[in-house]
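Chain and residue survey
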Amino acid sequence: MADTGPGPCKVDIGEVVLFGDSITQQSFSVGGWGARLADYFQRRADVMNRGFSGYNTAWALRVMDGMFKKMSKVELVIVFFGANDGVKDGMGPTSRQFVPVEKYGENLEKIVQEIRSQAGSETRILLLTPPPTTRTDERINDNTKRYAVQAGKTAAKLGLPSLDLHTNMTALPDWEGFFRDGLHLSPKGNEVVYDLLISAVEAAYPDLAVARCPHTGSTGNAGARSSLTHYQPFHGEFSREEL
């Protein structure tokens, strides 16, 4: 990992984009996995929340026009859909969100293609599978698992890294407590998703990893280390004479 403490800095800053449904939209709540990610990348990338409550992959495609072109330099896009695509067809009002699993995979491919057409062909992307669910009404865990498998297959087909939240979360004890309503994450669930996500990002894209300052634990001071150059000088780089 490059040493980017006091020294070279940049005067613009790139973006890490979270593109998903309500689990993403709510991730900027206090203690949310997106808010934690913004803390991780402080002074190195702006974390942009593009979560849309209730959306499936088909509706996501309809709102992508120009979304990434407006950004300065996209460092990473985290794509996180499937919780709504995988509702049971014909089971009440939520069935309008249903997307067949094969179509879901095709839509993920189109989302990746659209991101790269706007942000650049080398844009780094990480696909997240839908997490498990404890609901037994319009959503059932066995069905959600099919969409998680499909997301992993699509990532492999495209040569992209993926994070299998479904498998990783259900492998942990008392995983049902990771959800506050069977679908959306509880405080503990947000913590688990963040920890899994950071491990996945650091493994797939080590140049984006940030080593925390050994003295303060911060990722946003001169003691932190990353290949991502920090935005503007750290305060220790100024002298009293520059006041």
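The structure under discussion appears in the preceding block.
All of these numbers come straight from a predicted model, not from anything done at the bench.

So, about the packing of aromatic side chains. Counted according to the given criterion, the structure contains nine aromatic pairs. Seen from their ring centres, Tyr55 and Trp59 are 6.4 Å apart, and the 85° between their planes marks the pair as edge-to-face. For Trp59, a relative accessible area of 23% gives the class partly exposed. Of the aromatic side chains, those joined through ring pairs into one cluster are Phe19, Phe52, Tyr55, Trp59, Phe68 and Phe81.

Once that is clear, we can look at the environment of Ala38. Checked against the element boundaries, Ala38 lands in helix H2 (residues 33-40). By relative accessible area, which is 28% here, Ala38 ends up partly exposed. Considered as a pair, Ala38 and Ser218 are 180 residues apart in the sequence and their alpha carbons are 12 Å apart.

Moving on to the nonpolar core. Trp33, Leu37, Phe41, Met169 and Leu197 are the most contacted members of the largest nonpolar core, which totals 37 residues. Broken down by secondary-structure element, the contributors of at least two residues to this core are strand E1 (14-20), H2, strand E2 (45-51), strand E3 (74-80), strand E4 (125-128), helix H6 (165-170) and helix H7 (187-204). Leave out the neighbours within four places in its chain, and Leu197 touches Trp33, Leu37, Ile78, Leu126, Leu128 and Leu163. Core analysis: the second largest hydrophobic core is formed by 24 residues, Phe19, Met64, Tyr104 and Ala151 among them.

A few words on the pattern of salt bridges. Oppositely charged side chains may form a pair once their charged atoms are brought near each other. Throughout the structure, instances matching the rule amount to nine salt bridges. The salt bridge partner of Asp207 is Arg124, with a shortest N-O separation of 2.1 Å. Of this pair, Asp207 sits in the loop between H7 and strand E6 (210-211) while Arg124 sits in the loop between helix H4 (101-119) and E4; the two residues are 83 residues apart in sequence, bridging distant segments of the chain. Of the residues examined, Asp207 reaches a relative accessible area of 33% and is grouped as partly exposed. Here Lys188 and Glu191 are joined by a salt bridge, their closest N and O atoms 3.9 Å apart. Note that Lys188 and Glu191 are positioned in helix H7 at a spacing of three residues, about one turn of the helix. In this structure Glu191 comes out as partly exposed when scored by relative accessible area, which is 29%.

Glancing now at H2. Among the residues making up H2, those that are buried are Trp33, Gly34, Leu37 and Tyr40. Taken around the axis of H2, the buried residues stretch over an arc of 110°, which confines them to a single face. On the buried face of H2, the contacting elements are E1, helix H1 (22-25), E2, E3, H7 and E6.

Here five strands make up an open sheet; going across it, the order is E2-E1-E3-E4-E5 and the pairing parallel. Whereas interior strands pair on both sides, the edge strands pair on one side only; in this sheet they are E2 and strand E5 (162-163). Taken together, the six bridges between E1 and E3 define a ladder with parallel strand orientation. Residue Val16 lies in a different strand from E3, and its bridge partner there is Leu76. On the sheet, H7 packs against E3, E4 and E5 and is oriented at approximately 145° with respect to E4.

Examined against the element boundaries, Thr94 turns out to sit in the loop between E3 and H4. Residue classification places Thr94 among the partly exposed positions, given a relative accessible area of 23%. Once the C-alpha coordinates of Thr94 and Asn84 are considered, the two residues, ten residues apart in sequence, prove to be 8.3 Å apart. Excluding residues within four positions of it along the chain, Thr94 makes contact with Val87 and Glu138.

Here E2 shows a buried face lined by Ala45, Val47, Asn49 and Gly51 and an unburied face lined by Asp46, Met48 and Arg50. As paired strands, E1 and E2 are joined by seven bridges and run parallel to one another. From the neighbouring strand, Gly20 faces E2, where its bridge partner is Gly51.

This part is about H7. With 18 residues, H7 extends 26 Å from end C-alpha to end C-alpha; this agrees with the ideal 26 Å at 1.5 Å per step. If you check which residues of H7 are buried, you get Gly189, Asn190, Val192, Val193, Tyr194, Leu196, Leu197, Ile198, Ala200 and Val201. Considering only its buried residues, H7 is in contact with H2, E3, E4, E5 and H6.

Procedures and definitions
- Residues numbered from 1 in each chain as written.
- Predicted model: local features only at pLDDT ≥ 70, side-chain atom pairs only at ≥ 80, totals over all residues.
- Heavy atoms only, no water.
- Phe/Tyr/Trp six-rings, centres within 6.5 Å; stacked < 30°, edge-to-face > 60°.
- Buried < 20%, exposed > 50% of the residue type's maximum accessible area, 1.4 Å probe, protein only.
- Helix = DSSP H or I, 4+ residues; strand = E, 2+ residues; numbered from the N terminus.
- Core = buried A, V, L, I, M, F, W, Y, C linked by side-chain atoms within 4.5 Å.
- Contact = heavy atoms within 4.5 Å.
- Salt bridge = Lys/Arg side-chain N within 4 Å of Asp/Glu carboxyl O.
- Arc of directions from axis to C-beta.
- Pairing = 2+ DSSP bridges.
- Axes fitted to C-alpha atoms, helices over the stretch in contact; angles between N-to-C directions.
- Expected span 1.5 Å × (residues − 1).

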